[in-house]
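Results of the structural survey
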Amino acid sequence: MRRFAVIALAFLMPSLAHAAPVDGQVTKIDEAQSKITLKHGPITNLNMDGMTMVFAMTDAAALKTVKVGDKVKFEADRVNGRLTVTKIEKVK
Ligand SMILES: [Cu+2]
């Protein structure tokens, strides 16, 4: 039973460290610089509490799918040393 628990944890840990969807709201979009400002909830994989901050985008085209004021779900990670949104989706 104990061994099973350890094995189960081993499976769960990598997914915890991986980017998980975060709730946020778009407060600013800068298409020229491919940047987005998000008011976001805690980002566990980046050890970050909720705040409003600027992110780079891996996919500049994704900026066209959201607008200021939209509630979004997004994933963020450190890419080449920059805090970057790797995935973003408007929440209906
Ligand atoms: Cu932040």
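Residues numbered from 1 in each chain as written. Predicted model: local features only at pLDDT ≥ 70, side-chain atom pairs only at ≥ 80, totals over all residues.

**Quick notes on the overall build of the chain**
- The secondary structure content of the chain amounts to one helix and five strands.
- Listing every helix and strand of the chain by position from the N terminus yields α-β-β-β-β-β.
- Burial statistics for the chain: of 92 residues in total, 16% are counted as buried.
- Put simply, 49% of the contacts in the chain that link residues at least 6 apart link residues at least 24 apart. (Helix = DSSP H or I, 4+ residues; strand = E, 2+ residues; numbered from the N terminus. Buried ≥ 20, exposed ≤ 12 C-beta atoms within 10 Å, placed from the backbone. Contact = placed C-beta atoms within 7 Å.)

**Section: the pairing of strand 5 (residues 82-90)**
- Where strand 3 (residues 51-57) meets strand 5, two bridges bridge the pair, whose relative direction is parallel. Among the inter-strand pairings, M57 is bridged to a residue of strand 5, identified as V85.
- Between strand 4 (residues 71-79) and strand 5, which pair antiparallel one after the other, the connecting turn spans two residues, and N80 there sits at a positive phi close to 50°. (Pairing = 2+ DSSP bridges.)

**Comments concerning the environment of Q25**
- Structurally, Q25 is set in strand 1 (residues 22-30).
- C-beta crowding within 10 Å serves as the criterion here: with 17 such atoms nearby, Q25 is assigned to the partly exposed category.
- Measuring from C-alpha to C-alpha, the distance between Q25 and K39 comes to 5.2 Å, with 14 residues separating the pair along the chain.
- Here Q25 is in contact with L38, K39, D70, K71 and V72, once residues within four sequence places are set aside.

**As for unusual backbone geometry**
- Despite not being glycine, S34 has its phi angle at roughly 55°, a positive value.
- Looking at the secondary structure, you find S34 in the loop between strand 1 and strand 2 (35-40).
- Look at N80: it is not a glycine, yet its phi comes out positive at around 50°.
- By secondary structure assignment, the location of N80 is in the loop between strand 4 and strand 5.
- N80 sits in the exposed class, given 6 other C-beta atoms within 10 Å.

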